[in-house]
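Structural features, examined
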Amino acid sequence: MLSSSNRTARRGRLWCLPTALGVSCGLAGCLSGPNFVAPPAPTTTAFTSSPLRELQQGGTQVDSALSEPAQWWSLLNSSQLDQVIEQALRANRTLEAARSTLAQARALDVVSESALYPNLVLDASAGRNKYGAAFLGPIKLAPFTFYSIGPAVSYTFDFSGALRRTIEQQHAQTLYQQHELDAAKLTVSGNIAIQAVAAAAARAQIDSLTDLLDDDSKDVQLVQAAFEAGSGTRVDVLTAQSQLANDQTLLPPLRRDLSAATHALALLVGEAPADWSAPEFKLEDFTVPSRLPVSLPAELAHRRPDILAAEAQLHAATAAIGVASANLYPQVTLSANASLQSTTLRTLFESTSGAWGFTGSLTQPLFNHGALRAKQRAAIQAMHASLANYQQVLLSSFVQVADALESLDHDQALIDSEQAALATSAENLSLTRESYRAGNSGVLQVLEAQRQNQQARLGLVRAQSQRLQDTVQLLLALGGQIPTT
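Residues numbered from 1 in each chain as written. Predicted model: local features only at pLDDT ≥ 70, side-chain atom pairs only at ≥ 80, totals over all residues. Heavy atoms only, no water.

1. Points about the pattern of salt bridges
To keep it simple, the criterion reads: Any Lys or Arg side-chain nitrogen found within 4 Å of a carboxyl oxygen on Asp or Glu counts as a salt bridge. Residue exposure (1.4 Å probe, protein chains only): buried if accessible area is under 20% of the type maximum, exposed if over 50%, otherwise partly exposed.
Counting across every chain of the model gives five salt bridges. Between R256 and D257 there is a salt bridge, with the nearest N and O atoms lying 3.6 Å from each other. With a relative accessible area of 54%, R256 lands in the exposed category. We classify D257 as partly exposed; its relative accessible area is 37%. In this structure, the salt-bridge partner of D306 is R304, at a minimum N-O distance of 2.6 Å.

2. Comments concerning the sheet that holds strand β5 (residues 331-342)
Where we set the bar: DSSP bridges decide pairing: two strands pair if at least two such bridges lie between them. The helix count covers DSSP runs of H or I at least four residues long, the strand count covers runs of E at least two residues long, and both are numbered beginning at the N terminus. Interaxial angle, 0 to 180 degrees, is taken between N-to-C directions of lines fitted to C-alpha atoms, where a helix line uses only the stretch in contact.
If you walk across this open sheet you meet the four strands as β2-β3-β5-β6, and the pairing is antiparallel. The sheet is open, and its two edges are formed by β2 (119-129) and β6 (354-363), each paired on a single side. The average angle at which neighbouring strand axes cross in this sheet is 20°, direction not considered. Relative to β5, strand β3 (residues 144-157) is paired through nine bridges, and the arrangement is antiparallel. By the bridge assignment for β5, F157 is matched with V332.

3. Some points on the nonpolar core
As a reminder of what qualifies: For this analysis, a nonpolar core means a set of buried residues of the types Ala, Val, Leu, Ile, Met, Phe, Trp, Tyr and Cys, connected via side-chain atoms within 4.5 Å. The criterion used for residue contact is that any of the two residues' heavy atoms lie within 4.5 Å.
Core analysis: the largest hydrophobic core is formed by 36 residues, its most contacted members being W72, L81, I192, F281 and F286. With residues up to four places along the chain from it excluded, the contact list for I192 reads L81, V84, I85, A88, L265 and L268. Within the second largest apolar cluster, 20 residues are counted, among which are I206, L212, V237 and A240.

4. Topic: a negative patch on the surface
Short version of the rule: To count toward a patch, a residue needs a relative accessible area over 30% and no salt bridge; like charges are then connected within 9 Å, while nonpolar side chains (Val, Leu, Ile, Met, Phe, Trp, Tyr) are connected within 5 Å. Per-residue accessibility takes into account occlusion by the displayed protein chains alone, with areas from the Shrake-Rupley method and a 1.4 Å probe. Only four residue types enter the charge count, namely Lys and Arg as positive and Asp and Glu as negative; His and the chain termini do not. A charge is said to be at NZ when it belongs to Lys, at CZ for Arg, at CG for Asp and at CD for Glu.
Together, D207, D211, D214 and E284 make up a region of like negative charge exposed at the surface. With respect to the helices, strands and loops of the structure, D207 is situated in helix α6 (residues 162-229).

5. Looking at unusual backbone geometry
The backbone of N77 sits at a positive phi, close to 60°, despite the residue not being glycine. With respect to the element layout, N77 can be found in the loop between β1 (61-62) and α3 (79-91). Taking relative accessible area as the criterion, N77 reaches 54% and is therefore assigned exposed. Even without being a glycine, H369 presents a positive backbone phi close to 60°. Position of H369 among the secondary structure elements: in the loop between β6 and α11 (371-437).

6. Thoughts on the packing of aromatic side chains
How we decide: Side-chain rings of Phe, Tyr and Trp, where Trp is taken by its six-membered ring, are said to pair if the distance between their centres is within 6.5 Å; with planes under 30 degrees apart they count as stacked, over 60 as edge-to-face, and otherwise as tilted.
A complete count under the given rule lists six aromatic pairs for this structure. A centroid spacing of 5.9 Å and a plane angle of 35° characterise the contact between Y131 and F144, whose relative ring orientation is tilted. In this pair, Y131 sits in the loop between β2 and α5 (133-136) while F144 sits in strand β3, placing the two residues 13 residues apart along the sequence. With a relative accessible area of 24%, F144 lands in the partly exposed category. Linked through ring pairs, Y155, F157 and F159 together constitute an aromatic cluster.

Given below as structure tokens:
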């Protein structure tokens, strides 16, 4: 029997244990990693270092105060494009996979949050045992059958913040998947617009080349008539026929480009090329917006999905530091169980079959050869890597916007030049043909004038399609608005 002094000392030791535990866990709660703070907005106020004079002279305004429509592609004013993009947003397989991945992340949110609550289970077991000498020494027990049923509950105290940091990390991963879905929608809609413009450009070049082949045929007839009348030579006839044959070789590559664009559109809308026909897009069906909603760099950092996704990854990496830091401190778990136990089924539910247990455990890492500290350092370095990746994504977005703006500026100058070249070459071709009919020019001059006119026609088509594609690239680089459904 304990003396009163021994009993007092024992009670003191028992009271000191939870007190020391509370102090250590309180300290751990203060050291469970840094709180995430979103990176500051960029201070730069412009995307390009020089003004976009050609765009301004061409009548296109870059307006940072102009809000972007809910569907960025509506600025191109193509009803056919609207229909194809809406179909793709519903049926594209990449988007379907991204939606499932987001749903998976949301389910994992629930899993992570469940760790904050007690875990209650019902245990039921039956078996037959025979114990040897290692259990009770010389006391021998006959083999017996046992039955047991009852609830068990366990709860882990999150003094160190490990569970809360884990939940925070999972929430950040879910947010990352949401932004990844938005980025995938933006990519799919952008690729459709680019392929639609490519198909329209190929079709316009085919039409232009068809007109050119008609001119080549007229030239052959003109030279053939002159040859038959005695004012031309056989060489002139062969030269005109050769020009026609050479120009005919330009058609197959353009038709191949048209097929490739339509097949790419089929893939984007989730259909096989044989089961879906793309609309016949034409360049004149698209409108180049006269006002471009170019947001400021600081706003871009809060709207582009890839930037927001990189920020979410940085958040998750910051929370991971908290998890690694919390693992350095004690882990406290309480568990309890109550059950009915018996060696026969008929007595299992009698009052004398009751049994229970209560356990409290504390686990404190003592020696692991620096593994936990190394994991903490690794988490810190992973956070630094995520920060650098975020900054790289941010800078890349600024470069993409600047490239698109500069390209549009150069596109406007190119279109003006191509239009002037086409007008000059068309007039030159008409005069050269009149001169040939009058006998003042040779067939080589006619063919050269025709070649220049051909290059001017195709050059204008390419310049127009390039301006449309660069417009699409700009709207995408600005993080074009997309439906959230």
